[in-house]
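# Tertiary structure, described
The chain contents come next:
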Amino acid sequence: MAIHGTKRPSITATMGTADTPERRGLGILAIVCAVFLFAMTDVIAKWYGEMGFPPNEIVFFRYAFGALPVAYLVWRSGIDALRTRHPYAHALRACLIVSALGLFFSAINLMPLAEVIAVAFVAPLFVTLLSVPLLGEHVGIRRWAAVFVGFVGALIVLQPGTDAFRPEALLVVGSVLFF
């Protein structure tokens with residue numbers, strides 16, 4: 001796609017693939033920044049929820065602001081970067097991720113943030129459990145043991161059957177499953 005009379009290279013073509021200490025350091029910095037920004041997103045969602053904004057509105061604006069860097073990348077790479085051979089799979093993924101974030105932000109409005117994050121640590125359990133039927137992965141006995149220990153840890157956090165159990169925690173579990 002020509003922009004201003006010249007064809008721009010794709011993002012991946014301009015980034016290179018050389019594995020240098022500088023690039024590793026940049027990668028580590030990028031991960032640290034991403035984790036910080038995701039945590040700030042949760043804090044901001046909690047704050048707006050306490051101000052009375054409904055979760056679906058918070059989700060809308062989270063994705064509206066998230067569309068800005070995507071728009072920049074599409075501008076740099078061209079509209080062909082959005083083409084896919086599996087549009088229905090992408091549409092399903094989009095619906096699932098929006099639903100996941102909606103459930104997560106709903107839970108943030110109803111529970112303390114630390115508890116929501118603690119319950120969200122069941123994500124690796126679902127990834128492991130679903131990797132067998134969906135991807136045909138082989139999961140060895142040690143990984144199943146780790147899943148079991150993780151599940152016990154999640155039960156300790158959730159404390160089902162006690163007064164400490166919050167049904168709202170199931171919103172987080174649903175969110176993680178959709179994610």
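Figured I'd write up the structure that's included with this text.

When helices and strands are tallied, the protein shows eight helices and two strands. Along the protein, helices (α) and strands (β) appear in the sequence β-β-α-α-α-α-α-α-α-α when read from the amino end. Within the protein, the proportion of its 179 residues that are buried is 19%. Partitioning the intrachain contacts of the protein with sequence separation of at least 6 by distance along the chain shows that 75% fall at a separation of at least 24.

Take the packing of aromatic side chains next. The full count for this structure, using the stated rule, is five aromatic pairs. Here the aromatic rings of Y48 and F53 are separated by 5.1 Å at their centres, their planes lie at 90°, and the arrangement is edge-to-face. Judged by relative accessible area, Y48 falls into the partly exposed class, the value being 31%. Take F53: its relative accessible area is 32%, and that puts it in the partly exposed class. Put simply, the rings of W47, Y48 and F53 pair up and form one aromatic cluster. Here the basic side chain of R62 rests over the ring of Y63, its NZ or CZ set 4.9 Å away from the ring centre.

Let's shift gears to helix α8 (residues 169–178). Of all the residues in α8, the buried ones are A169, V172, V173, G174, S175 and V176. Turning to α8, the residues buried within the fold contact α4 (87–110), α5 (113–120), α6 (123–135) and α7 (141–158).

If you add up the space inside the largest pocket, you get close to 780 Å³. Forming the walls of the largest pocket are 21 residues, and the residues nearest its centre are F38, D42, I97, L101 and F179. Element by element, the count of residues in the lining of the largest pocket is highest for α4, at seven residues.

The next thing to look at is α6. The largest bend along α6 measures about 25° and falls at L129, with the proline P133 one to four residues further on. Taken as a whole, α6 has its buried residues at L125, T128 and S131. One or two positions beyond α6, positive phi appears at G136, with a value near 70°.

Further remarks concern the nonpolar core. Counting 21 residues, the largest nonpolar core has F104, F105, V116, V119 and V172 as the members making the most contacts within it. When residues of this core are assigned to their parent elements, the largest contribution, five residues, is made by α4. If we skip the residues at most four places from it in the chain, F104 touches D42, V116, I117, A120, V172 and S175.

Moving on to the pattern of salt bridges. In the structure shown here, the tally under the stated rule is four salt bridges. Between R24 and D19 there is a salt bridge; the shortest N-O distance is 3.0 Å. Looking at D19, the relative accessible area reads 58%, which means it is exposed. E50 is paired through a salt bridge with K46; the nearest N and O atoms lie 3.9 Å apart. Residue E50 and its partner K46 are located together in helix α2 (residues 21–50), separated by four residues, close to a single helical turn. Residue E50 is classed as exposed on the basis of its relative accessible area, which comes to 59%.

Two elements in contact, α6 and α7, have axes whose closest approach is 9 Å; the angle formed by their N-to-C orientations is 140°. The pairing of α6 with α7 is recorded here as oblique in orientation. Read as a crossing pair, α6 and α7 show a hand that is left-handed. Contacts between α6 and α7 involve L125, T128, L129 and V132 from the former and W144, V147, G150, F151 and A154 from the latter.

So, how was this worked out
Residues numbered from 1 in each chain as written. Predicted model: local features only at pLDDT ≥ 70, side-chain atom pairs only at ≥ 80, totals over all residues. Heavy atoms only, no water. Helix = DSSP H or I, 4+ residues; strand = E, 2+ residues; numbered from the N terminus. Buried < 20%, exposed > 50% of the residue type's maximum accessible area, 1.4 Å probe, protein only. Contact = heavy atoms within 4.5 Å. Phe/Tyr/Trp six-rings, centres within 6.5 Å; stacked < 30°, edge-to-face > 60°. Lys NZ or Arg CZ within 6 Å of the ring centre and 35° of its normal. 1 Å grid on protein atoms, 1.4 Å probe; cavity = no way out; pocket = protein on both sides within 12 Å on 5 of 7 lines; lining within 4 Å. Points joined across faces, edges and corners; volume = space filled by probe spheres on them. Bend = angle between axes of the 7 residues up to and from the residue. Core = buried A, V, L, I, M, F, W, Y, C linked by side-chain atoms within 4.5 Å. Salt bridge = Lys/Arg side-chain N within 4 Å of Asp/Glu carboxyl O. Axes fitted to C-alpha atoms, helices over the stretch in contact; angles between N-to-C directions. Parallel < 35°, antiparallel > 145°, perpendicular 65-115°, else oblique. Left-handed = near helix turned anticlockwise from the far one by under 90°.

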